[in-house]
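Each chain, written out:
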Amino acid sequence: MSSKTPLGKQTMDSVDPTRAFVKNVKRIVVKVGTAVVTRGDGRLALGRLGALCEQLKDINSQGYEVILVTSGAVGLGRQRLRFRRLANSSFADLQNPQNDFDGKACAAVGQSSLMALYDTMFSQLDVTSSQLLVTDSVFRDEAFRKQLSETVTSLLKLRVVPIFNENDAVSTRKAPYEDSSGIFWDNDSLAGLLALELKADLLVLLSDVEGLYSGPPTDPKSKLIHTYVKEKHQGEITFGDKSRVGRGGMTAKVNAAVCAAYGGIPVVITSGYADNIKKVLRGDRIGTVFHQDAHLWTLVKEEGARDMAVAARESSRQLRALGSQERRKILLDVADALEANEGEILAANEADVAAAQDDRYEKALISRLALKPGKISALAKSIRKVADMEEPIGRVLKKTELAEGLVLEKLSCPLGVLLVVFESRPDALVQIASLAIQSRNGLLLKGGKEAKRSNAILHKVITSAIPEPVGGKLIGLVNTRDEIPDLLKLDNVIDLVIPRGSNKLVSQIKESTKIPVLGHADGICHVYVDKSANLDMAKRIVLDAKVDYPAACNAMETLLVHKDLLSDDGGFKQIISELQDSDVTLYGGPRAATALNLPETNSLHYEYSSLACSVEIVDDVNAAIDHIHEHGSAHTDCIVAEDCQVAETFLTQVDSAAVFHNVSTRFCDGARFGLGAEVGISTSRIHARGPVGVEGLLTTRWVLRGNGQIVDADRGVEYTHKDLLNS
């Protein structure tokens, strides 16, 4: 495919086919098992049940026709009867073991309570629900089936949620069975049967695990099976015991799913412990899909962590064999491909942003997630700038004659394989990929789930522009969080981990790997306004540092002010006023809170990433330096001062990756520094520091050329150690 040819409309062969069916879903059957609606002690999980009702309310209001099949009556009835018996027991009764209650009695007692609970919860959400109790025997009657379909259709037209349950209290079934008529024997098979009878478009079976695994879910070696292929998996999967509380378990769910799927109803088994119904309807890759055409899909081989890392290393070695112009052409083709596929990229990004808004993500994250107008063009421009940079590989950094005829060179070379874990910003993927190509490094990328659509299309566009023999495996996209722990163990394959995200993310990665980690945990940047500052200049710098892009890691988070400026005729107070006029929420340190009548901050070591910042008063430049060292993150700090001696003291003594004088902290950026792009900003003191471009992704090696020399205890060797590079 030419890099200038748009990818166009995605087909079943070019996207994950296991999620394509959700586009046409109108009627959905949801089955919730006893293990989902109850806690480990057998009591109802009210919070989980409430969250389920909220999900169903949301999708009902979006126009979906929702049918619920629920378990839990027997467990609820048993709980109530046990309490009743305990309340009426004598001390002598409690000394004697008592038999458990009859299951049918439990079902009779619990059913009304379960439905009353659903009715109460749905009523609070302005949703009407209805109860339909059935037994297996009634499905033998064709007239009953017809009437059932008509009743449910009528309820759905009224936006009522029908709630089905097997009427265990009067069921005559003695043991589980299945036959050609499709008669059910538990609520899983009931859900499958109803999906077929009521011509549903989707069946979702909610479990207490994420889906179907290749082994016990608690076994670290077990992998989630995203797509169940009967011909492949039927003989490979060994199921464990039944559910801890219900009659079914995963065996029952799989049997019901296979029956429904081969009857034409797509099925997803997933966890009921999260908002997974909405995620399934969005097409998120969660749970296990069952589909009658699954055996026809060309599924992407899910490579293991080591396979992906080894493939990236091999591809990087192929890339190193290419000449500078060939490598440059790859980058230019990538830039062209991004512009040619701008429509598809922005459409995927809009879907990610909409999903993040639906999930109520923080505004700062959504701001970083969105690809604003002109962003694709800007990214393409930055890639072309990287392509036109001086060749970084093989540069002679040092050339020394060790002895006559013995010449040693120190050369720049790639690190090897990089693992970059980043959150929110899909544009980071493009920048990182371009730097990896320019530096000839293999690359593994793991983006946040909130940007998965954007990352997937960007990865496809970029790798499609990389020709053979290098191939698309130069840049691997890690799809699930589960693969990260495996990758972090590969210290013999991966050479550097670069986390870009929250303090929690960086800390977790540092604690989980022996691989060197490059990056920064926080972006707590300071602007110190000295008493010698030009206050008009200070106002411009402070406003830009805070307001230009508050979510960026180089935005000002703390404003430090010399104490003498408080008695100023109004220049400093105008800075405070303009920050507030720009909708910046101000919090004071211990001194500023009192002097400026501001709410006191809980911590001076805090990254707001929004239109908010801390303000504190200091005695002089030395106090400002001490404050930065105590509360800062060694990212970017700035002084606004006209006193050059004070400014030099600040620049010399502040131990941060970037230190500025009379300029906004927002300039700490790879592109603005002329690096073309950045893989991140490092506050490490080893290797690269500050914005990390191509040079930060390189290391060195030594090349020694001679004509037969040997050491022989240094006999007969006269060392000259002559510098040949600068002579």
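Procedures and definitions
- Residues numbered from 1 in each chain as written.
- Predicted model: local features only at pLDDT ≥ 70, side-chain atom pairs only at ≥ 80, totals over all residues.
- Heavy atoms only, no water.
- Pairing = 2+ DSSP bridges.
- Helix = DSSP H or I, 4+ residues; strand = E, 2+ residues; numbered from the N terminus.
- Axes fitted to C-alpha atoms, helices over the stretch in contact; angles between N-to-C directions.
- Contact = heavy atoms within 4.5 Å.
- Salt bridge = Lys/Arg side-chain N within 4 Å of Asp/Glu carboxyl O.
- 1 Å grid on protein atoms, 1.4 Å probe; cavity = no way out; pocket = protein on both sides within 12 Å on 5 of 7 lines; lining within 4 Å.
- Points joined across faces, edges and corners; volume = space filled by probe spheres on them.
- Nonpolar A, V, L, I, M, F, W, Y, C, P; charged D, E, K, R; others polar.
- Parallel < 35°, antiparallel > 145°, perpendicular 65-115°, else oblique.
- Left-handed = near helix turned anticlockwise from the far one by under 90°.
- pLDDT = per-residue confidence, 0-100.

## Observations concerning the sheet that holds strand β11 (residues 417–422)
Right, so step 1: Spatially, β13-β12-β11-β14 is the arrangement adopted by the four strands of the open sheet, whose pairing is parallel. Unpaired on one side and paired on the other, β13 (475–477) and β14 (496–500) mark the two borders of the sheet. Along the sheet, successive strands turn relative to each other by an average axial angle of 15 degrees, direction set aside.
Right, so step 2: Of the strand pairs in this sheet, β11 and β14 are connected by five bridges, and their pairing is parallel.

## Some remarks on the side chain of S434
Right, so step 1: As for its position among the elements, S434 is in helix α16 (residues 427–439).
Right, so step 2: Beyond its immediate chain neighbours, meaning those up to four positions away, S434 contacts L331, I383, V386 and A677.

## Quick notes on the pattern of salt bridges
Right, so step 1: According to the stated counting rule, one finds 28 salt bridges in the structure shown.
Right, so step 2: Residue D388 pairs with R328 through a salt bridge whose shortest N-O separation is 2.8 Å. Note that D388 is positioned in the loop between α15 (375–387) and β9 (396–403) and R328 in helix α12 (residues 324–340), a separation of 60 residues in sequence.
Right, so step 3: Members of the salt-bridge network, linked through shared partners, are K31, D188 and K253.

## Section: empty space enclosed by the protein
Right, so step 1: Under the defined criterion, the tally for this structure stands at one cavity of 30 Å³ or more.
Right, so step 2: The calculated volume of the largest cavity comes to roughly 50 Å³.
Right, so step 3: Surrounding the largest cavity, I498, P499, R500, L518, G519, H520, V679, G680, I681, S682 and V692 form its lining.
Right, so step 4: Only β14 and β21 (680–682) provide two or more residues apiece to the lining of the largest cavity.
Right, so step 5: Considering only residue class, the lining of the largest cavity consists of six nonpolar, four polar and one charged.

## So, the packing of α12 against α16
Right, so step 1: The contact between α12 and α16 brings their axes to 9 Å, and the two run at 165 degrees. Relative to α16, the element α12 lies roughly antiparallel. Handedness of the α12/α16 crossing: right-handed. The segment α12 lies against α16, with R327, I330, L331, V334 and L338 engaging V430, S434, I437 and Q438.
Right, so step 2: Of the residues contributing to the contact of α12 with α16, the split by class is six nonpolar, two polar and one charged.

## Here's the deal with the confidence of the model for the chain
Right, so step 1: Summary statistics for the chain give a mean pLDDT of 85 and a share of 88% for residues scoring 70 or more.
Right, so step 2: Segment residues 175–182 is flagged for pLDDT under 50; beyond a separation of four residues in sequence, or across chains, it makes nine contacts in the model.
Right, so step 3: Ignoring residues within four places in sequence, the model shows residues 241–248, a span with pLDDT below 50, making 23 contacts including any to other chains.

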